[in-house]
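Remarks on the overall topology
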Amino acid sequence: MPAHNDQMPMIVQGAALVSFVWTCIIVSVQGIGICKILRNNSAPHPKPFSPTIEKDEVPHITVIRPVKGAEAGLYECLASTFQLAYPKSKLTVYLCVDSTRDPAYPVLQKVVAAYPDFDAKVFVEEQDPVLHGDGGHIDKLGPNPKIRNISRAYREAKGDIIWIADCNVWLGANSAGRMVDKLDGFLPDGTRTKPYKFVHQLPLVIDLETPKTATEEEQALLSGPINTSAPKSLLDYGGRLEEMFMATTHAKFYSAINTVGIAPCVVGKSNMFRKSHLERLTDPARNPLIPPADAARGRGVDYFSSYICEDHLIGDLIFKSKIPGFKNHGLVYGEVAIQPMSGMTVAAYIARRVRWLRVRKWTVLTATLVEPGVESLIGCLHMAFAFTTLPWFRSFFGIPPTWKAFGTIWISAVTVWMVVDRLLSAKLHKLQSVDVDENTPAFALGSTRTGGIKKKPFLTWFAAWLGREFLAFPIWTWAVLLGATVNWRGQTFRVRPDMSVTRLDDVEGTSLRPSTPVAAESTNSCRSTSKDRVD
């Protein structure tokens, strides 16, 4: 608030100086993110080089797609894996589900049957010999449901490159080639540069305003319903809030942090890395960052099976571990991972954001604590406070230390922020950098192509923007300060400060955390799966 007297000038001006520095940081970071997005999402990128090299030299990819529940656009998202412009002989596709009773299981069978010339399998966790059957035990892995889901697929991967992509994201035809190009250091003209240890995509959510109607074939496949009902009240528009968040605040900071590269910033939607690297980096004998006490734990993804937010922790371990000759993380700019969404309520959106914040709280504590300050309403309060308190602004710009000036600056700054978000989200939703063909579904065509999504009228967009901004701080308060449990993939977990999780039984206070040495402390991710997804 502006200072009206000089009773505590040093304290007030010190606080104002902190607010000014914070304002400069936020403006700079957002500027980097916005410039990167505008530069890389305005047109399709050159065709990738790696799919065109000698067939025997094309890197083999094992694509692992964890599945949970009947998602909107599930068939199209999974089918996009088989429509990649990448040599079939160099692709292995594993679709992973925890049970044959999952509503999505018939869809997985149908997708695999539709592409018989691919090396593809459906893996069911209940049939994993390590966890079930002779010689197996359910407690050989920790409680992380995503790691348990994909463990067998990872163990049986062919080749060295692992690509884990959630079941509810659609992958562009050239995404495999561009991901491999980035990972292996191929440039479009065929020259080589320094390769990366880990690459990933910017996730975007497309809220299906007019819900996709399942065909008779899809209805027959599904053993459970997809929520495709049209919104009937304001409380049914949670999908708009999620779409808004992913195309504004999240996109700006995700792009900026990955551009600067000072810290890992990873969401578990579409990530690619080398199995040989992860095996090495989870072995205490070969990685000094892993304590010797962890020698009895699994290797690779199994190492993370008792932790929450495994995608971040895998990325964090790869980022911090030294591997000579490799860069850390690389975001594949312009190649977005598109998640169609339908039927999300406001309550579901709030629950989702709470889960996301609670699993991030202990993984990136500092970033989580300062997160309210990167949102428009509070971020602009910092700006208004600094501008109306620091004497520099009074001397050079004539800004008086009054509430009227404070309010004017705050409203003006929020308005500019909103306009920028409007332009940025519209740009991203054009999907101009996405390569389209006859297989591209309507939700991936963008707002400027025939048959694609419709651009939202300003008032519709503004209502969603305003709702998300005003919900941001209450959600943060509830998530970070008022709880430590998350509901994830139909199970309730308590998150510990070391990021390990305890699965809570229906009986209050009963812990189902595995007690075997192998299961202790493996890592899990903030992943999105059906209504129980985190991200």
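Computed from a prediction, not measured in an experiment: that's the story for all the values here. (Residues numbered from 1 in each chain as written. Predicted model: local features only at pLDDT ≥ 70, side-chain atom pairs only at ≥ 80, totals over all residues. Heavy atoms only, no water.)

Right, let's get into the sheet that holds strand β11 (residues 491-495). Strand order across the open sheet formed by three strands is β10-β11-β12, with antiparallel pairing between neighbours. Because the sheet does not close on itself, it has two edges, and the strands there are β10 (485-488) and β12 (501-504). On average, each strand axis in the sheet is inclined to that of its neighbour by 35°, with strand direction left out of account. Here β10 pairs with β11 via four bridges, running antiparallel. (Pairing = 2+ DSSP bridges. Helix = DSSP H or I, 4+ residues; strand = E, 2+ residues; numbered from the N terminus. Axes fitted to C-alpha atoms, helices over the stretch in contact; angles between N-to-C directions.)

Attention now goes to the layout of surface pockets. A volume near 900 Å³ is recorded for the largest pocket. Considering the residues around the largest pocket, the lining is formed by 35 residues, among which Phe253, Ile257, Cys265, Arg360 and Ala367 are closest to the centre. Elements with a minimum of two residues in the lining of the largest pocket: α1 (9-40), α8 (249-260), α10 (310-320) and α11 (346-361). Here the lining of the largest pocket gets seven residues from one element, more than from any other, and that element is α8. Of the residues that constitute the lining of the largest pocket, the class distribution is 24 nonpolar, five polar and six charged. Each pocket or cavity is described by its volume, and for the second largest pocket that value is around 570 Å³. (1 Å grid on protein atoms, 1.4 Å probe; cavity = no way out; pocket = protein on both sides within 12 Å on 5 of 7 lines; lining within 4 Å. Points joined across faces, edges and corners; volume = space filled by probe spheres on them. Nonpolar A, V, L, I, M, F, W, Y, C, P; charged D, E, K, R; others polar.)

Relative to the helices and strands, Ser80 resides in the loop between α2 (74-79) and β2 (91-97). Among the residues examined, Ser80 registers a relative accessible area of 1% and is labelled buried. Within the structure, Ser80 has its side chain in polar contact with the backbone nitrogen of Leu171 (distance 3.2 Å). (Buried < 20%, exposed > 50% of the residue type's maximum accessible area, 1.4 Å probe, protein only. Polar contact = N/O pair within 3.5 Å; in protein donor to acceptor, adjacent residues only side chain to side chain.)

The next thing to look at is the sheet that holds strand β1 (residues 61-66). Taken in spatial order, the seven strands of this open sheet run β3-β2-β1-β4-β7-β5-β8, and their pairing is mixed. Two strands lie at the open edges of the sheet, namely β3 (119-124) and β8 (327-331), each paired on one side alone. Direction aside, the axes of adjacent strands within the sheet are offset by 20° on average. In this sheet, β3 lies alongside β2 in parallel orientation, the contact comprising six bridges. Paired with Cys96 across the strands is Phe123, a residue of β3. Packed on one face of the sheet, helix α4 (residues 145-155) meets β1, β2, β3, β4 (161-165) and β7 (270-274) and runs near 155° to β1. (Contact = heavy atoms within 4.5 Å.)

So, on to the packing of aromatic side chains. A complete count under the given rule lists 18 aromatic pairs for this structure. Taking 5.2 Å as the distance between ring centres and 85° as the angle between the ring planes, the aromatic pair formed by Phe82 and Phe118 counts as edge-to-face. On the criterion of sequence distance, the pair formed by Phe82 in the loop between α2 and β2 and Phe118 in the loop between α3 (105-114) and β3 is long-range, its members being 36 residues apart. An identical accessibility class is assigned to Phe82 and Phe118; each is buried. Feature note: the residues Phe20, Phe387, Trp392, Phe393 and Phe397 constitute an aromatic cluster, connected by ring pairs. The ring of Phe186 has Arg192 sitting right over it, with the charged end atom 4.0 Å from the ring centre. Positioned above the aromatic ring of Phe245, the side-chain terminus of Arg353 is 4.1 Å from the ring centre. (Phe/Tyr/Trp six-rings, centres within 6.5 Å; stacked < 30°, edge-to-face > 60°. Lys NZ or Arg CZ within 6 Å of the ring centre and 35° of its normal.)

Tracing the backbone shows Gln201 in the loop between β5 (196-200) and β6 (203-207). The class for Gln201 is buried, based on a relative accessible area of 1%. Engagement of the side chain of Gln201 in a polar contact is seen with the side chain of Ser270, the distance being 2.4 Å. Among the polar contacts listed, one links the side chain of Gln201 to the backbone oxygen of Glu335, at a separation of 2.8 Å. Dropping the residues within four chain positions of it, Gln201 is found in contact with Trp163, Leu171, Ser175, Met179, Tyr254, Ser270, Leu331, Glu335, Val336 and Ala337.

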